[in-house]
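Structural overview
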Amino acid sequence: MLKISETDEIIFTPELLVKFNEILLRYPEDRQKSALLPILHLVQAEYGWVSSPLMDKVADFLQLKPIEVYEVATFYSMFFLKPPGKYMLEVCRTGPCCLIGAETIMKHIEERLNVKEGEVTADGLFSWRGVECLAACGMGPVLQIAPEYTFYENLTAASVDELIDRLRLTTAEKAQIII
Amino acid sequence: MGRKLLLENINVPGINTFEVYRKHGGYRAVEKALKTMSTEDVVEEVKKSGLRGRGGAGFPTGMKWSFLAKPEGKPRYLVCNADESEPGTFKDRYLITHIPHLLIEGMIVASYALGAKTSYIYVRGEMMPQIRILERAIAEAKAEGFLGKNILGTGYDLELYVQPGGGAYICGEETALIESLEGKRGNPRIKPPFPAISGLYNCPTVVNNVESIAAVVPIINDGADEYAKLGIGRSTGTKLISASGNIKNPGVYEIELGVPVEEFIYSDEYCGGMANGKRLKAVVAGGSSVPILPANLILKLTTGENRLMSYESLAEGAFASGTMLGSGGFVVFDEDQCIVRNTWNFARFYHHESCGQCSPCREGTGWMEKVLHRLEYGHGKLSDLDLLVDVAKKIEGNTICPLGDAAAWPVASAIRHFRDEFEWHVSHAEEAMGRNYGLAHYADPLPKAETVAAN
Amino acid sequence: MSERVKVTIDGISIEVDAGTTILNAARLIGGDIVPPAMCYYSKLEGSGGKCRTCLVKVSKGSDKDPRPMPKLIASCRTGVMDGMEVQNITSPEVMEARKGIVEMLLINHPLDCPICDQAGECKLQDLSYEHGSEATRYEFERRTFDKIDIGDKIQLHMTRCILCYRCVYVADQLTDQREHGILGRGDAAEISTYIEKAIDNDFSGNVIDVCPVGALTDKTFRFKNRVWFTKPVDAHCDCDKCSGKVTLWYKGEEVLRVTARKDVNGEVESFICNTCRFERKNTSEWTIEGPRKISHHSVISSNHYELLDPPAVIRKNPALKEANIEEFERVTRHY
Ligand SMILES: Cc1cc2nc3c(=O)[nH]c(=O)nc-3n(C[C@H](O)[C@H](O)[C@H](O)COP(=O)(O)O)c2cc1C
Ligand code: SF4
Ligand code: SF4
Ligand code: FES
Ligand code: FES
């Protein structure tokens, strides 16, 4: 059994609610459940993951039973049921990419970030995991970064290092601007 | 140079915008179909073209359309399958990224033919950038009057929406896709009823692959006869092949069906031969779900003739010595690749992606993965090989959806064709951890078929 | 009157209403030719198709289209056609496939029958006696889960679950607020409440009766006991929530537990409410009807099992023997 204890009161922002309502227009009237996946994606993009209070709130919005949302969120591999790092590097680990070095790239990322698959770096910035074929096998090895799903192809150890450095830098710069 | 129907303009700068796409003849098929053809005409044209589903099963598209039930008072739906998750396949992503309007144009024509007023493109969730591309392109088409109410003044209304998946290979299976589009877990439905009778929201539904839908555009533009002139036998037209693995030029190629496999691998027009001067060991020709073949069997039929890139030729020899065109995910293995490791990798994939609904697939995929894992990591047993074949056999054909078969075939075929290598992993466990088995005899010329004297 | 169609199962013909499934047609014939059903439940809409134990071979599609079906099909979800011919226990292919499926169902099953409440009335136990092989070929660690309580009356022992989905359908169709469901995917899927919410509803206790294995059990079952040491007695009461028709399970003078009455197919005759099931444990609250007949199929009555394979079955049963003369001769020629 999954246990997620969260106590924060959740209120979706008006902007988010506007988007939700737009999505609902795509389906016939009594079929609002169809909006579940797109809405979960939006929620995850906003909050970084889908906690159980968030799922309850989504259930509320779509007039579903909470269990219906849990069932769906736990079925699909894209929904994070615990908080990942700010940047979740998802590296393809499937056959075709492994023919051209995906396993080496994963090992490199593990060493470079110094965390195991699924764990988060101490600064909360990074986590990584292997995912299944991302439909870019000819450009492999590939990785994508959740939650924006920006895509990086033809990876080498050097290009991965560069990517990680750049992400660190951008975050640091952003932080400075806020200060 | 083979003729290109889908990717002809792929390198035109700005072809991803409505303006440039239109300037290069885009949306002509919509004009032609909506203004000059009846819905039956369009279906008939697609039937005549011989187009077969490009998503994997190869079912004739026109025939599928003609099966669609048309009960009074019930909407009908067209859903485009852009879930593209079959390992080795990346043509749909490519097409959507570079020439999204081709898909939208195809969707309009196909929706018109089927009488759908609302259509969906179900895109795997990981392809967020492609979802954004499609949404932008749809907005453009709508602004130009090709979508929405009263398209081109013909009285035909169509709304087109993009729906994201959530990360599940099984949602490529059409009934799982429909479930997912209804906001549920991607559990394939038990058939019958088939989607043509009761699909999305219990209404008649057609699910088609991105490439199948895109191919409707040239069929309408140039006519079914022109389309059917391309290709060979019942494999008409062109096919997008996603080429990956140890080749010089991996990428998406549009081939005329019937190109010899050897030419496809070695000619500079396509894969450009093996990378780094290595030798060919094996090929998975149609995405991870189809049987893997060693070099000698993929290049030649047992009769000694060349094997061709077509539905029939690739399947020649059935399970014993053939494979399938599938989704066109062409994965090439060089002599340094380990078949045991790859088989384990694929088995892990299917184990991870099984929806878990039916017991043979839910339990059997995990079992196969574990046995293969132990073979790969040096503590397998010789009896494991027969065990794997037996487990695969127990899964195959006994499940709700074809994922069970898709999980069984790669394992069964790898053991069938590369048994020596598996055995070597057991007998030389320690050595197998350090080096690969190599090419061995897998590229040797096939023995001459013995002629059995008639008695 | 609805249209009647003729179907032949293992050589025995019967006329049924059009639209009847093969499984239900077989149940009308009864006896050994009824395919085992671990997930289908006639009283639960949408159930079936998942466990695959009921696979049969359709050797003739119908009079109109006599082609055989290319694959084995789930008899619980396939309708009969006029003139259809089906093979169940007379098809070695079916028996082989079923053996495989039972093996699959067992590889992650704890096989803790000696300590399981369900022992003696477990469909999986029955199945493995009939179709299983003696030794497992599975040499890996079995999947395990912690036991959890779903409210104070029901215990979930997920390790034993075969994911038949029946309990989910019960919650969907009998109660107005389903709290539990299937989480996760593939062989990591589990029945759960996600956050430990009690299932609290008048009819939630029925999940215990529909569960084919010992995954959902009655926590109020007093002095846990092997069912075959208990004495089932049919009884009823005047209940305002349900039919009040139950089976009381006695040990000596004491009511150990209350369940719905089960028919020959192992399905409840009618669902009962939680008050009858959990609260009424005194004989004085019930009108006793008499001892319950236990179907011959159950371990409770036979206490032992013989291996059934198609020829043996045919050999024992004159009706089947008659109907399958050809088959019988073929398989007995070597004896
Ligand atoms: C496990 C599984 C995965 C599939 N994945 C895809 C997919 O990613 N894309 C696709 O177009 N078809 C996929 N299919 C095939 C679809 O079920 C369906 O046949 C196809 O979308 C029909 O379109 P077509 O006739 O145009 O090929 C898959 C089938 C199975 C069994
Ligand atoms: S075969 Fe596998 S994926 Fe398909 S329904 Fe059964 S468990 Fe699900
Ligand atoms: S708990 Fe019992 S009834 Fe529910 S799915 Fe598991 S085996 Fe079936
Ligand atoms: S295998 Fe990595 S993208 Fe397909
Ligand atoms: S009873 Fe038919 S599949 Fe389970």
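Everything quoted here is computed from the prediction, not taken from an experiment.

A separate point is the interface of chain B and chain A. Taken residue by residue, the interface counts 57 residues in chain B and 39 residues in chain A. Applying the counting rule to chain B against chain A returns three salt bridges. Among the secondary structure elements, those contributing two or more residues to the side of chain B that touches chain A are β2 (118–123), α7 (128–143), β3 (159–164), α8 (174–181), β7 (238–245), β11 (329–334) and α15 (339–353) of chain B. Ranked by residue count, the leading element in the side of chain B that touches chain A is α15 of chain B, at eight residues. Among the residues making up the side of chain B that touches chain A, the classes are represented as 23 nonpolar, 21 polar and 13 charged.

Residues and elements named next belong to chain A. With mixed pairing, the four strands of this open sheet are ordered in space as β2-β1-β3-β4. With one partner strand each, in any of the chains shown, β2 (126–131) and β4 (150–152) form the two edges of the open sheet. Across the sheet, the mean angle separating the axes of adjacent strands is 25° when strand polarity is ignored. With three bridges connecting them, strand β3 (residues 143–146) and β4 associate as antiparallel partners.

This part is about the side chain of Glu-45 of chain B. Along the chain, Glu-45 of chain B falls in helix α3 (residues 39–49). For Glu-45 of chain B, the residues in contact, after removing those within four places along its chain, are Met-37, Ile-219, Ile-220, Gly-223 and Ala-224 of chain B.

With that settled, the discussion passes to the environment of Met-139 of chain A. With respect to the secondary-structure elements, Met-139 of chain A resides in the loop between β2 and β3. Spatially, the C-alpha atoms of Met-139 of chain A and Ser-52 of chain A are 37 Å apart, while their sequence positions differ by 87 residues. Here Met-139 of chain A is in contact with Glu-153 and Asn-154 of chain A together with Phe-90 of chain B, once residues within four sequence places are set aside.

Among the nonpolar cores identified, the biggest contains 93 residues, and Leu-40 of chain A together with Trp-367, Leu-375 and Phe-422 of chain B are the most heavily contacted of them. When residues of this core are assigned to their parent elements, the largest contribution, eight residues, is made by helix α18 (residues 403–417) of chain B. Residues in contact with Leu-40 of chain A, not counting those within four places in the same chain, are Val-50, Val-58, Val-69, Val-72, Ala-73 and Phe-79 of chain A. With 86 residues, the next largest nonpolar core counts Cys-133 of chain A together with Ile-10, Leu-51 and Ile-99 of chain B among its residues.

Turning next to a nonpolar patch on the surface. Residue and element names in this part refer to chain B. Side chains of Phe-59, Met-63 and Phe-67 sit close together on the surface and give an oily, nonpolar patch of about 280 Å² of accessible area. Examined against the element boundaries, Phe-59 turns out to sit in the loop between α3 and α4 (61–66). Exposure remark for Phe-59: the relative accessible area of 35% places this residue in the partly exposed category.

Moving on, we come to the packing of aromatic side chains. Residue and element names in this part refer to chain A. Scanning the entire structure with this criterion turns up 30 aromatic pairs over all chains. Residues Tyr-87 and Phe-126 carry aromatic rings whose centres are separated by 5.7 Å and whose planes lie at 35° to one another, so their mutual orientation is tilted. Taken together, the positions of Tyr-87 in strand β1 (residues 87–92) and Phe-126 in strand β2 put the pair 39 residues apart, joining distant regions of the chain. Taken as a pair, Tyr-87 and Phe-126 share a single burial class, namely buried.

Next up on the list: the site of ligand 3. In the neighbourhood of ligand 3, the contacting residues comprise Cys-161, Ile-162, Leu-163, Cys-164, Tyr-165, Cys-167, Ile-191, Cys-211, Pro-212, Val-213, Ala-215 and Leu-216 of chain C. Its residues assigned to classes, the shell around ligand 3 shows twelve nonpolar, no polar and no charged.

Here we take up the sheet that holds β11 of chain B. Working definition: the strands of a sheet are paired by backbone hydrogen bonds and lie parallel or antiparallel to each other. Residue and element names in this part refer to chain B. If you walk across this open sheet you meet the five strands as β8-β7-β11-β9-β10, and the pairing is mixed. Looking at strand neighbours, the two that pair on one side only are β8 (251–256) and β10 (292–294), the edges of this open sheet. In this sheet, neighbouring strand axes are inclined to one another by 30° on average, regardless of whether the strands run parallel or antiparallel.

What follows deals with the domain arrangement of chain A. Under the domain assignment, chain A is made up of domain 1 (14–75) and domain 2 (87–178). Between the C-alpha centres of domain 1 of chain A and domain 2 of chain A there is a distance of 28 Å.

Residues and elements named next belong to chain C. Two strands pair when backbone bridges link them, and strand β1 (residues 4–9) and strand β2 (residues 12–17) are joined in this way by six bridges, in the antiparallel orientation. Bridging across to β2, Thr-8 finds its partner in Ser-13. In this structure, the hairpin formed by β1 and β2 is closed by a connection of two residues, where Asp-10 is found at a positive phi of approximately 50°.

Each turn of an α-helix holds 3.6 residues, which means side chains three or four residues apart point in the same direction. Residue and element names in this part refer to chain A. Those residues of helix α1 (residues 14–24) not exposed but buried are Leu-16, Phe-20 and Ile-23. Each buried residue of α1 lies within a common arc of 60° when the element is viewed along its axis, so the set occupies one face. Exposed residues lying more than 90 degrees from the buried face of α1 are Pro-14, Glu-15 and Glu-22. Buried residues along α1 sit in contact with α2 (36–47) and α3 (52–62).

Moving on, we get to the packing of α3 of chain B against helix α6 (residues 100–114) of chain B. All names here are of chain B. At their nearest, the axes of α3 and α6 sit 7 Å apart, and the two run at 115° to each other. Relative to α6, the crossing made by α3 is left-handed. Contacts between α3 and α6 involve Thr-39, Val-42 and Val-43 on the former and, on the latter, Val-109, Tyr-112 and Ala-113. Split into classes, the residues belonging to the contact of α3 with α6 amount to five nonpolar, one polar and no charged.

Residues and elements named next belong to chain B. Applying the stated criterion to the full structure yields 66 salt bridges over all chains. Two residues, Lys-184 and Glu-182, come together in a salt bridge whose shortest N-O distance is 2.7 Å. A cluster of three or more residues bridged by salt bridges with shared partners is formed by Arg-54, Lys-91, Asp-92, Glu-211 and Lys-239.

Right, let's talk about the domain arrangement of chain C for a bit. All names here are of chain C. The domains assigned to chain C are domain 1 (4–100), domain 2 (110–218) and domain 3 (227–332). Domain 2 puts 21 residues into the contact, and the matching count from domain 3 is 27 residues. Roughly 2100 Å² of surface becomes buried between domain 2 and domain 3 when both sides are summed, with 52% attributable to carbon and sulfur atoms. Per-residue buried area on domain 2 facing domain 3 is highest for Glu-121, Glu-130 and Asp-209; these three make up 29% of the total on that side. Counting across the domain 2 and domain 3 interface gives three salt bridges. Two residues, Asp-209 and Arg-277, come together in a salt bridge whose shortest N-O distance is 2.9 Å. For the pair domain 2 and domain 3, the number of links is nine residue pairs in polar contact (both at pLDDT 80 or more). Of all the secondary structure elements, the ones that give two or more residues to the side of domain 2 that touches domain 3 are α3 (123–131) and α5 (206–210). Here the side of domain 2 that touches domain 3 gets five residues from one element, more than from any other, and that element is α3.

Let us look at the environment of Glu-130 of chain C. The residue Glu-130 of chain C is located in helix α3 in this model. Sequence separation between Glu-130 of chain C and Val-102 of chain C is 28 residues, and the spatial gap between their C-alpha atoms is 9.5 Å.

This brings us to the environment of Pro-147 of chain A. All names here are of chain A. Note on placement: Pro-147 falls in the loop between β3 and β4. In this structure the C-alpha to C-alpha distance between Pro-147 and His-41, which are 106 residues apart in sequence, comes to 8.8 Å. In this structure Pro-147 touches Ala-45 and Lys-86, once residues within four positions along its chain are discounted.

So, about helix α16 (residues 359–376) of chain B. Residues and elements named next belong to chain B. The end-to-end C-alpha separation of α16 is 26 Å, in line with the 26 Å expected for 18 residues at 1.5 Å each. Of all 18 residues that make up α16, 16 are buried, and the element is covered over most of its length. Once α16 ends, the next one or two residues include Gly-378, with phi positive near 80°.

Now for the state of the cysteines. The final tally for this structure, using the stated rule, is zero disulfides over all chains. Residue Cys-122 of chain C stays outside any disulfide, its sulfur separated by 6.3 Å from that of Cys-116 of chain C, the closest cysteine.

Residues and elements named next belong to chain A. The geometry of α3 relative to helix α4 (residues 66–75) is characterised by a closest axis approach of 8 Å and an angle of 120° between their N-to-C directions. Here α4 runs oblique to α3, going by the angle between their axes. For the pair α3 and α4, the crossing hand works out as right-handed. Judged by residue contacts, Ser-52, Met-55, Asp-56 and Ala-59 of α3 engage Pro-66, Val-69, Tyr-70 and Ala-73 from α4. Classifying every residue of the contact of α3 with α4 gives six nonpolar, one polar and one charged.

Reading the values: the criteria
Throughout, residues of each chain are indexed from 1 in the direction in which the sequence is written. Chains carry letters from A onward and ligands carry numbers from 1 onward, assigned in written order. Residues qualify for local features only when their pLDDT is at least 70, as the model is predicted, and side-chain atom pairs are given and counted only at 80 or more; totals for whole chains, interfaces and linings, by contrast, use all residues. Think of the side-chain values as coming from all heavy atoms in the structure, minus any hydrogens and water. We call two residues in contact whenever any of their non-hydrogen atoms come within 4.5 Å of each other. We define a salt bridge as a side-chain nitrogen of Lys or Arg found within 4 Å of a carboxyl oxygen belonging to Asp or Glu. Here a strand is any run of E in DSSP of at least two residues, a helix any run of H or I of at least four, and the numbering for each starts at the N terminus. Polarity classes work like this: nonpolar for Ala, Val, Leu, Ile, Met, Phe, Trp, Tyr, Cys and Pro, charged for Asp, Glu, Lys and Arg, and polar for all others, with Gly in that last group. Any two strands are treated as partners once DSSP identifies two or more bridges connecting them. Axes here refer to lines fitted to C-alpha atoms; in helices the fit is confined to the stretch in contact. Angles between the N-to-C directions go from 0 to 180 degrees. Remark: nonpolar core denotes a set of buried residues (Ala, Val, Leu, Ile, Met, Phe, Trp, Tyr, Cys) joined through side-chain atoms within 4.5 Å. When a residue's accessible area, from a 1.4 Å probe over protein chains only, is under 20% of the maximum for its type it is buried; when over 50% it is exposed; and in between it is partly exposed. Grouping into patches uses exposed residues only, defined as over 30% relative accessible area, and leaves out salt-bridged ones; the cut-off is 9 Å for like charges and 5 Å for nonpolar side chains (Val, Leu, Ile, Met, Phe, Trp, Tyr). Here the Shrake-Rupley method, with its probe set to 1.4 Å, supplies the accessible areas, and only the displayed protein chains count as covering residues. Aromatic rings from Phe, Tyr and Trp, taking only the six-membered ring of Trp, are treated as a pair when their centres fall within 6.5 Å; an angle between ring planes under 30 degrees marks them as stacked, one over 60 as edge-to-face, and anything in between as tilted. By convention in this text, a residue qualifies as near a molecule or strand provided that one of its non-hydrogen atoms is within 4 Å of it. Start and end points for every domain follow an automatic or database-based domain assignment. Arc definition: directions from the helix axis to the C-beta atoms. Handedness of a crossing is defined here by the sense of rotation of the near helix relative to the far one, left-handed for an anticlockwise turn of less than a right angle and right-handed for a clockwise turn. Buried area: the accessible surface (1.4 Å probe) lost by two parts on joining, summed over both. Contacts described as polar in this section are N or O atom pairs within 3.5 Å, which, within protein, must combine one atom able to donate a hydrogen with one able to accept it, while residues neighboring in sequence count only if both atoms come from side chains. Each residue after the first adds 1.5 Å to the expected span of a helix. Pairs of cysteine sulfur atoms within 2.5 Å are what we label disulfides. Oblique is the label for every angle not falling under 35 degrees (roughly parallel), over 145 degrees (roughly antiparallel), or within 65 to 115 degrees (roughly perpendicular).

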